Amino acid sequence: MSGSTRCLIAGNWKMNGLVQDSKDFIAQLRENPAAEHVEIALMPPFTLLHSMSKALSQKGVVLGAQNVYYEDKGAFTGSICPMMLRDAGCHYVILGHSERRSIIGESNAQIRSKLNASWLHGLEPILCIGETLEQREQGVTNHLLAEQLAVLKGAPKDKPLTVAYEPVWAIGTGKTATPEMVVETHAFVHEELQRLGKDCRVLYGGSVNPGNAKELMACKGVEGALVGGASLKADSFMQIVEAAASVAS
Ligand code: PGA
């Protein structure tokens, strides 16, 4: 972990969670052991945003969404606009998650539009980037990451941003990148962000769990984690927060 910014542990529930799960989760959340060093955020599905908003904020957890559409309003059946997310109490929005890129076919051009719309309405995007196993084996990881980060070309300098590096082959697979790989890739991502004039916090994501969190969070250039599966239960999520706190403080 580096610099004076707080690191961020963000939980991405993906398409999981009913009302009862959200109540159990909130009841079991422990206190943030190092709020001055670690920020906690949760991205539940859209259906739980409103109902979880107040209780999460009382526990010091910042709310975020997993996606947004780039138009303001109108005939876009099934879509959610940035103002609706603000209305529900969101600060963050995940953009460009690999599952949306690969399953829904989201393009870098659409992600760029979503970045702009999010900034326009005061949301902080968490821009996800990452290579597939095939791309890593072909040695094109950095090229691919640079291409994904190019959506930030010409972006306003003063708008808030967090980037999450998530190797696609590590998401939901139980495989994690080695610390060497993480340090090397995060250094490249930071360099590229600096070149684009948007150097910001860079999270690591992909099978982060209570067993590996401390080692991953101690890697140079890592300023937090985007956590999927292990964020569904308050206990494992808080263990990751506690691991980050032990490294950060
Ligand atoms: P995972 O998901 O922790 O379940 O691998 C991470 C993510 O997709 O953000």
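Fair warning: this is a prediction, and the values are worked out from it, not measured in the lab.

**Q** Got a sec to walk through the packing of helix H7 (residues 141-149) against helix H8 (residues 179-195)? Specific residues and values, please.
**A** Axis separation between H7 and H8 bottoms out at 10 Å; the angle between their running directions is 35°. The two elements H7 and H8 meet at a crossing, and its hand is right-handed. The residues of H8 that touch H7, namely those facing Asn142, Leu145, Ala146 and Leu149, are Thr185, Phe188, Val189, Glu192 and Leu193.

**Q** Give me the site of the ligand: which residues, what numbers.
**A** Near the ligand there are 13 residues, and of these Lys14, His97, Glu166, Gly172 and Ser207 occur at the shortest range. Gly228 has a polar backbone atom sitting 2.8 Å from an oxygen atom of the ligand. For the ligand, the protein covers 95% of the area, taking 280 Å² as the surface of the free molecule. Across the shell around the ligand, the residue classes tally to four nonpolar, seven polar and two charged.

**Q** Kindly report on the sheet that holds strand E1 (residues 7-12), identifying the contributing residues and their values.
**A** Spatial ordering of the closed barrel is given by E1-E2-E3-E4-E5-E6-E7-E8, a layout of eight strands whose pairing is parallel. Neighbour to neighbour, the strand axes of the sheet diverge by 25° on average, direction disregarded. Here strand E3 (residues 61-65) runs beside strand E4 (residues 92-95); their pairing, made up of two bridges, is parallel. Within E4, the position partnered with Gly64 by the bridge is Tyr92. Each of E4 and strand E5 (124-129) is contacted by helix H5 (residues 108-120), which is oriented at about 175° to E4, the strand it contacts most.

What counts and how
- Residues numbered from 1 in each chain as written.
- Predicted model: local features only at pLDDT ≥ 70, side-chain atom pairs only at ≥ 80, totals over all residues.
- Heavy atoms only, no water.
- Axes fitted to C-alpha atoms, helices over the stretch in contact; angles between N-to-C directions.
- Helix = DSSP H or I, 4+ residues; strand = E, 2+ residues; numbered from the N terminus.
- Left-handed = near helix turned anticlockwise from the far one by under 90°.
- Contact = heavy atoms within 4.5 Å.
- Near = heavy atom within 4 Å.
- Polar contact = N/O pair within 3.5 Å; in protein donor to acceptor, adjacent residues only side chain to side chain.
- Areas by Shrake-Rupley, 256 points an atom, 1.4 Å probe, with all protein chains shown as cover.
- Nonpolar A, V, L, I, M, F, W, Y, C, P; charged D, E, K, R; others polar.
- Pairing = 2+ DSSP bridges.

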